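# Remarks on the overall topology
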Amino acid sequence: MSVTLDSNQWNLVYNIFSFGLISMLACTVYTLVSQSRVLPKYRNALVMSSMVTFIAGYHYFRIFNSFGEASEGMAVNVSGEQGAFNEAYRYVDWLLTVPLLLVEVIAVLALAKEVSKSLIMRLVPASAAMIALGYPGEISSDKNTAILYGVLSTIPFLYILYVLFVELGKSLERQPAGVAETIGRLRLLLIATWGVYPVSYILGMNGDPTASSFVGVQVGYTIADILAKCVFGLTILKIARMKSHAEGMAADH
Ligand code: RET
């Protein structure tokens, strides 16, 4: 089975993958070289961000190549067989990066050890379950299967949002004034970008993919990835710098 794109659609997908790839690589370099601009206790949050974008850079490289290899002219092989466009890279990527992103948020908050540990012990398994449950639905061309796994995956998704918005809200009250505001913006960015993934999933759910559903899903996931990983990582850096300065680090760092 293949979908035949027109040349604008094919170029759009090609270019967005290329843009995604370099965004991840550039962001990795930027967060790596910014280590010394924050206090040591915030450096682990930056390491997490560098790892997220590095892992994603690798997967975008593979996705980009897979798109080229699966294309015969403008026809993209989406059969799921050998030589077809490989959607699994995204899910492997998310399986690794989504738990890391959550650890990144917890790390930048620098909460008491037991509080961090308890949050991580709940957020990491929930995020892995969310991605693992979404995959069988993503690759199925049967609508009912897609709905079933979509609903199952939404349960841990809602749990994560509950922990981040309700439970974490309590510890935000203890953050310095400007920082609490930026963290508020970070959560908005999180909900706005994470919300794109289920929407893209629904776009792709109507049985066999068409040219426009294929393009919509790939462009949607890629833009969401850039926002959820790169822009998110840069916001984490900003928070880490604000907190470092509030805690006495010289402002010229
Ligand atoms: C799926 C399946 C349908 C239901 C839901 C989903 C949620 C996916 C999310 C993915 C987030 C990925 C991120 C990646 C960036 O690194 C799996 C599409 C709720 C929220 C943040």
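One can find the structure itself at the top, above this paragraph.
Thresholds applied
Positions within a chain are numbered from 1, following the residues in the order the chain's sequence is written. Local features in this predicted model are restricted to residues whose pLDDT is 70 or higher, and side-chain atom pairs enter the listing and the counts only when it is 80 or higher, whereas totals over whole chains, interfaces and linings include all residues. In computing side-chain values, all of the structure's heavy atoms are included and hydrogens and water are not. In this description a helix means any DSSP run of H or I spanning at least four residues, a strand means any run of E spanning at least two, and both kinds are numbered starting from the N terminus. As a reference, a globule follows 2.2 Å times the number of residues to the power 0.38, and the radius of gyration itself is taken over C-alpha atoms. Burial status follows relative accessibility: with a 1.4 Å probe on protein chains alone, a residue under 20% of its type maximum counts as buried, one over 50% as exposed, and anything between as partly exposed. Whether two residues are in contact is decided by their heavy atoms: any pair within 4.5 Å suffices. Computed by Shrake-Rupley with a 1.4 Å probe, the accessible areas treat only the displayed protein chains as cover when residues are assessed. Charge assignment in this entry is limited to Lys and Arg as positive and Asp and Glu as negative, and neither His nor the chain termini are counted. Working definition for charges: the position is that of NZ of Lys, CZ of Arg, CG of Asp or CD of Glu. Grouping buried Ala, Val, Leu, Ile, Met, Phe, Trp, Tyr and Cys residues that are joined through side-chain atoms within 4.5 Å yields what is termed a nonpolar core. Centre distance within 6.5 Å is the pairing criterion for rings of Phe, Tyr and Trp, where only the six-membered ring of Trp is used; planes under 30 degrees apart are then read as stacked, over 60 as edge-to-face, and the remainder as tilted. Lines fitted to C-alpha atoms define the axes here, with helix axes fitted over just the stretch in contact, and angles between the N-to-C directions of these axes take values from 0 to 180 degrees. Put simply, angles under 35 degrees are roughly parallel, angles over 145 are roughly antiparallel, angles from 65 to 115 are roughly perpendicular, and the rest are oblique. Each residue receives one of three labels: charged for Asp, Glu, Lys and Arg, nonpolar for Ala, Val, Leu, Ile, Met, Phe, Trp, Tyr, Cys and Pro, and polar for the others, Gly being one of them. Distance and chemistry together define a polar contact, namely a pair of N or O atoms within 3.5 Å, with one atom able to donate a hydrogen and the other to accept it when in protein, and with adjacent residues in sequence counting only for side-chain atoms on both sides. Note on definitions. A residue lies near a molecule or strand when any single heavy atom of the residue is within 4 Å of it.

Now for the overall build of the chain. A tally of helices and strands in the chain yields eight helices and three strands. When the elements of the chain are put in sequence order from the N terminus, they spell out β-α-α-β-β-α-α-α-α-α-α. The C-alpha radius of gyration computed for the chain amounts to 19 Å, which stays within 12% of the reference 18 Å derived for 253 residues, consistent with globular compactness. Taken along the three principal axes of its C-alpha coordinates, the chain extends 60 × 35 × 25 Å. Taking all 253 residues of the chain together, 50% fall into the buried category. Residue pairs in contact within the chain that sit at least 24 positions apart in sequence constitute 80% of those at least 6 positions apart. In the structure as shown, the chain presents an accessible area of about 11900 Å², 65% of it carried by carbon and sulfur atoms. In the chain, 17 side chains carry a positive charge and 17 a negative one; their mean positions are 14 Å apart.

So, about the nonpolar core. Grouped together as the largest cluster of nonpolar side chains are 51 residues, with contacts concentrated most on Leu109, Leu123, Ile160, Leu168, Trp194 and Phe232. Looking at this core, the elements with two or more residues in it are helix H2 (43-70), helix H3 (88-109), helix H4 (113-139), helix H5 (143-172), helix H6 (177-194), helix H7 (196-203) and helix H8 (211-246). Considering every element that reaches this core, the biggest residue donor is H3, with twelve residues. In terms of nonpolar packing, the next biggest core, distinct from the first, is built from 25 residues, Phe17, Ile63, Phe67 and Tyr89 among them.

Now for the packing of aromatic side chains. Applying the stated criterion across every chain yields a total of 13 aromatic pairs. Their ring planes at 10 degrees and their centres at 6.1 Å tell us that Phe17 and Phe85 sit as a pair that is stacked. With a gap of 68 residues between them, Phe17 in helix H1 (residues 7-33) and Phe85 in the loop between strand E3 (75-77) and H3 connect regions that are remote in the sequence. Taken together, the ring pairs in this structure connect Trp10, Tyr14, Phe17, Phe64, Phe67, Phe85 and Phe214 into an aromatic cluster.

All right, on to the packing of H7 against H8 then. The geometry of H7 relative to H8 is characterised by a closest axis approach of 9 Å and an angle of 170 degrees between their N-to-C directions. Here H7 is positioned roughly antiparallel relative to H8, judged by the angle of their axes. From H7, Val196, Tyr197, Ser200, Tyr201 and Leu203 reach across to H8, where they touch Ser213, Gly216, Val217, Gly220, Tyr221, Ala224, Asp225 and Ala228. A breakdown of the residues in the contact of H7 with H8 according to their chemical character gives eight nonpolar, four polar and one charged.

Here we take up the side chain of Ser71. Within the element layout of this structure, Ser71 appears in strand E2 (residues 71-72). Overall, Ser71 belongs to the buried group, its relative accessible area being 16%. Polar contacts involving the side chain of Ser71 include one to the main-chain carbonyl oxygen of Phe67, which spans 2.7 Å. Those residues in contact with Ser71, other than ones at most four positions away along the chain, are Trp10 and Val76.

In the vicinity of the ligand, 17 residues are found, and the nearest of them are Thr97, Leu101, Trp194, Tyr197 and Lys229. A distance of 3.3 Å separates an oxygen atom of the ligand from a polar side-chain atom of Thr97. Side-chain polar atom of Lys229 to an oxygen atom of the ligand: 2.9 Å apart, as the coordinates give it. Relative to its free-state accessible area of 540 Å², the ligand is covered by the protein chains to the extent of 99%. Elements with a contribution of two residues or more to the shell around the ligand: H3, H4, H5, H7 and H8. The greatest single-element share of the shell around the ligand, amounting to five residues, is contributed by H3. Tallied by class, the residues present in the shell around the ligand amount to ten nonpolar, five polar and two charged.

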